[in-house]
Amino acid sequence: MTTPVMTTSGTTLAVLRETSAGEQRVAQVPETVRKLVERGFRVNVERGAGAAASIDDAEYEKAGARVAPDAEAALRDARVVLKVQSPSDAEARRLPAGSLLVAFLAPGPESRLLGQLARGNVDALAMENVPRTTRAQALDALSSQATVAGYKAVLLGASLCPRLLPMLTTAAGTLTPAKVLILGAGVAGLQAIATARRLGAVVSAFDVRPAVREQVQSLGAQFVEAPALGAEAEAAGGYAAELSEARQRQVLEAIAGQLPSMDLVITTAQVRGGPAPRLITAKMLRRMKPGAVVIDLAAESGGNCELTTPGEAVREAGVTLLGPTNLASTVPLHASLMYAKNQLALLGLIAKDGAVKLDLSDDIVAAMLVVHGGTVRS
Ligand code: NAD
């Protein structure tokens, strides 16, 4: 069988300013632009693209980029367009035919954008679709951004807590440490555990995947036991599987037993391809301490708490519940740096001999390529 190899001619990359509401990240930073220029790419950066992440146009110029006055100028001769968020309809219409878009694209059957890209003959690689393999780790933007979100969730929660997190012994007496519970100990959850530990809290965590127990304990947190969750809790690729109703009830009971003593709870649980599992019901929330804080990082996929409203703060029986969306964007410089390195690694994979080549026999390219040759593939 011959291996189909598709080529996008030319090596100009365009980095566009993000225009989605609240988005502060940028797809490339000067450090990665310098590496791209060294590899022979020409890099156009739209004026002001890094401003919200505290990166000046002059820094991009110093790294070897050409700063273009607007998106249209940045896109001139561009063969690859690097973004964080999906383009708007109007932005997608401007993308040059024959170019390749790389961004978070929320691919799925309901996506109008992918059809629009296909009609405009724009190929697209979705950053969400990076497979969870060792070889793909350097490209994994979901993980890099989840790391930032897990860290920031703890800071956000700590800032709302009516008490300090660490134990303090002072002339004014001794303060006991706050108790923090992390639900879901994947990438975001493990970072949340590490951050809460650094702030001196007493941390415990729960996850349905039994394999996580050791990782939780190695970070100095206690693992909350739920009865007999075995291999059925783990799906392919290291993701969690959806639980049966009986198992889900046992999980809720285990969590309900922990909540009343907690000062801060960070929930991060996700099941790939489905809604976020419900881990805190309204009744469970109302039984928490007055002043307790819950940060629901799964707000965008339906929430781990029954009362979560994405992007809003809810006050219920003295408990503050936040459902922040796009927390990574609130730490834009480092989130952008990590994302830019993910895209740099991707370009290392798809750019050979001075041109971008999409090798469809490569499992990473095959998984990420959602639009190709005028056809939607996902
Ligand atoms: P995720 O965002 O899909 O889910 C977050 C966590 O929620 C997971 O740990 C999951 O087990 C947990 N969860 C799901 N349902 C739950 C429930 N009912 N109760 C409690 N917890 C529940 O997952 P993630 O953070 O992206 O990563 C999950 C795993 O995949 C981790 O072990 C991670 O190390 C691994 N991973 C591997 C690679 C790679 O090899 N390239 C990349 C990324 C992640």
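Residues numbered from 1 in each chain as written. Predicted model: local features only at pLDDT ≥ 70, side-chain atom pairs only at ≥ 80, totals over all residues. Heavy atoms only, no water.

1. Here's the deal with the overall build of the protein chain
Thought 1: Helix and strand content of the protein chain: 12 helices and 20 strands.
Thought 2: Its C-alpha atoms give the protein chain a radius of gyration of 22 Å, within 12% of the compact-globule value 21 Å for 378 residues.
Thought 3: Seen through its principal axes, the protein chain has C-alpha atoms that stretch 65 × 50 × 35 Å.
Thought 4: Residues counted as buried form 51% of the 378 residues belonging to the protein chain.
Thought 5: In the protein chain, 65% of the contacts between residues at least 6 apart in sequence involve partners at least 24 apart.
Thought 6: Of the roughly 16600 Å² that the protein chain leaves accessible, carbon and sulfur atoms contribute 52%. (Helix = DSSP H or I, 4+ residues; strand = E, 2+ residues; numbered from the N terminus. Rg over C-alpha atoms; globule rule 2.2 N^0.38 Å. Buried < 20%, exposed > 50% of the residue type's maximum accessible area, 1.4 Å probe, protein only. Contact = heavy atoms within 4.5 Å. Areas by Shrake-Rupley, 256 points an atom, 1.4 Å probe, with all protein chains shown as cover.)

2. A short note on the confidence of the model for the protein chain
Thought 1: Chain-level pLDDT for the protein chain is 93 on average; 93% of the residues reach the 70-or-more range.
Thought 2: Note on residues 1–10: pLDDT under 50 across the span, and 21 contacts to partners over four residues away in sequence or across chains. (pLDDT = per-residue confidence, 0-100.)

3. A look at the packing of aromatic side chains
Thought 1: A complete count under the given rule lists 2 aromatic pairs for this structure.
Thought 2: Ring geometry for F104 against Y339: centres 5.5 Å apart, planes inclined by 45°, an arrangement best described as tilted. In this pair, F104 sits in the loop between β6 (100–103) and α5 (112–119) while Y339 sits in helix α11 (residues 332–350), placing the two residues 235 residues apart along the sequence. When sorted by exposure, F104 lands in the same class as Y339, which is buried. (Phe/Tyr/Trp six-rings, centres within 6.5 Å; stacked < 30°, edge-to-face > 60°.)

4. Concerning a nonpolar patch on the surface
Thought 1: A surface patch of nonpolar side chains, amounting to about 230 Å² of accessible area, comprises L164, L168 and L175.
Thought 2: You can call L168 partly exposed: its relative accessible area is 31%. (Patch = residues over 30% accessible without salt bridge, like charges linked within 9 Å, V, L, I, M, F, W, Y side chains within 5 Å. Salt bridge = Lys/Arg side-chain N within 4 Å of Asp/Glu carboxyl O.)

5. Regarding helix α9 (residues 245–258)
Thought 1: Taking 1.5 Å of rise per residue, the 14 residues of α9 would be expected to cover 20 Å, and the 20 Å separating its terminal C-alpha atoms lies within 8% of that figure.
Thought 2: Buried within α9 we find Q248, V251, L252, A254 and I255. Viewed end-on, α9 has its buried residues packed into an arc of 160°, placing them on one side of the element. Residues of α9 that are exposed and point more than 90 degrees away from the buried face comprise E253 and G257. (Expected span 1.5 Å × (residues − 1). Arc of directions from axis to C-beta.)

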